[in-house]
Amino acid sequence: MDTRIVNLDLMEFVERNILPRYNNFDKAHNLNHANNVIKNSLALALSTGADINMAYTIAAYHDLGLEGPRAIHHISSGKILMADRRLRRWFSEEQIKIMKEAVEDHRASASHAPRSIYGKIVAEADRDLEPEHIFRRTIQYGLSHYPEKTKEEHWERFLQHMDQKYSSHGYIRLWMPNSPNEKKLKEIRDALNNKDALRNTFERIFNEEERIK
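In short, a report on the structure. (Residues numbered from 1 in each chain as written. Predicted model: local features only at pLDDT ≥ 70, side-chain atom pairs only at ≥ 80, totals over all residues. Heavy atoms only, no water.)

Turning to helix 4 (residues 73-83), its buried residues are H73, H74, S76, S77, G78 and L81. Where the residues of helix 4 are buried, they touch helix 3 (52-61) and helix 5 (93-104). (Buried < 20%, exposed > 50% of the residue type's maximum accessible area, 1.4 Å probe, protein only. Helix = DSSP H or I, 4+ residues; strand = E, 2+ residues; numbered from the N terminus. Contact = heavy atoms within 4.5 Å.)

Put into structure tokens, the structure is as follows:
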């Protein structure tokens, strides 16, 4: 069996039963986001020699806990994975425990390093630090969750989130040295230091998102 390719039965199960659940989430955490995390996870699994089926499954389940409170979604997602008896068709109990812990460890605000290579993979894959994408996801989240806010209030929320998470003193951590995300994080930080250009980017994306709401 080619260990570089996801098991087709597993993939069919995930695509039919797991990924459609992301259609119920906001634009920042929808099916496109889940597929991006899967794509990034598979690339990292191949480069590190990790089990590709485990990396795929972790990525597929990583945000399912958004069906409940966002603040504990990483814990809830781990519980959902652990409780899904159908996964025993492809994985041992030990593998499922590792996958549960990886899902729990994926959150950007986690203060500790992920407990395994799988946690590092999904945490890194979830970052997807393309500056334009990060800015758009932040604005989409604000519009979806705070529709009552004015544009100026959304701008202030955007700045606060960027500072708290992505600035040089922000809480985001990268756990895999020399990953492509290191360069992208620097680009974000450079953008945050140019407030006029950042405001122009915010205006463009905000207006685009308002038009397609």
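Next, the rest of the story.
So, about the packing of helix 2 (residues 31-48) against helix 3. For any two helices packed against each other, one specifies the inter-axial angle together with the distance between the axes. Relative orientation of the contacting elements helix 2 and helix 3 amounts to 155 degrees, with a least axis distance of 9 Å. With respect to helix 3, the element helix 2 is oriented roughly antiparallel. Taken as a pair, helix 2 and helix 3 cross one another with a handedness that is right-handed. Where helix 2 approaches helix 3, its residues V37, I38, S41, L42, A45 and L46 are matched on the opposing element by I52, A55, Y56, A59 and A60. Across the contact of helix 2 with helix 3, the residue classes break down as 10 nonpolar, 1 polar and no charged. (Axes fitted to C-alpha atoms, helices over the stretch in contact; angles between N-to-C directions. Parallel < 35°, antiparallel > 145°, perpendicular 65-115°, else oblique. Left-handed = near helix turned anticlockwise from the far one by under 90°. Nonpolar A, V, L, I, M, F, W, Y, C, P; charged D, E, K, R; others polar.)

Turning next to the environment of F158. Secondary-structure assignment places F158 in helix 8 (residues 151-166). Considered as a pair, F158 and F135 are 23 residues apart in the sequence and their alpha carbons are 8.2 Å apart. In this structure, F158 is in contact with F135, T138, I139, L198 and F202, ignoring residues within four places of it in sequence.

So, about the packing of aromatic side chains. Counted under the stated rule, the structure contains 7 aromatic pairs. Taking 5.3 Å as the distance between ring centres and 35 degrees as the angle between the ring planes, the aromatic pair formed by F13 and W90 counts as tilted. With F13 in helix 1 (residues 8-17) and W90 in the loop between helix 4 and helix 5, this residue pair connects regions lying 77 residues apart in the sequence. Judged by relative accessible area, which is 10%, F13 ranks as buried. Chaining the aromatic ring pairs together yields one cluster made of F135, W155, F158, F202 and F206. It is K149 that lies over the ring of Y146; its NZ or CZ is 5.3 Å from the centre. (Phe/Tyr/Trp six-rings, centres within 6.5 Å; stacked < 30°, edge-to-face > 60°. Lys NZ or Arg CZ within 6 Å of the ring centre and 35° of its normal.)

Counting residues in each nonpolar core, the largest one holds 36 residues, and the members touching the most others are V14 and Y61. In terms of residue count, helix 3 provides more of this core than any other element does, 8 residues in total. Not counting residues up to four positions away in its chain, the partners in contact with V14 are L19, P20, Y56 and A60. In this structure, L143, L185, L198 and I205 belong to the second largest nonpolar core, which totals 18 residues. (Core = buried A, V, L, I, M, F, W, Y, C linked by side-chain atoms within 4.5 Å.)

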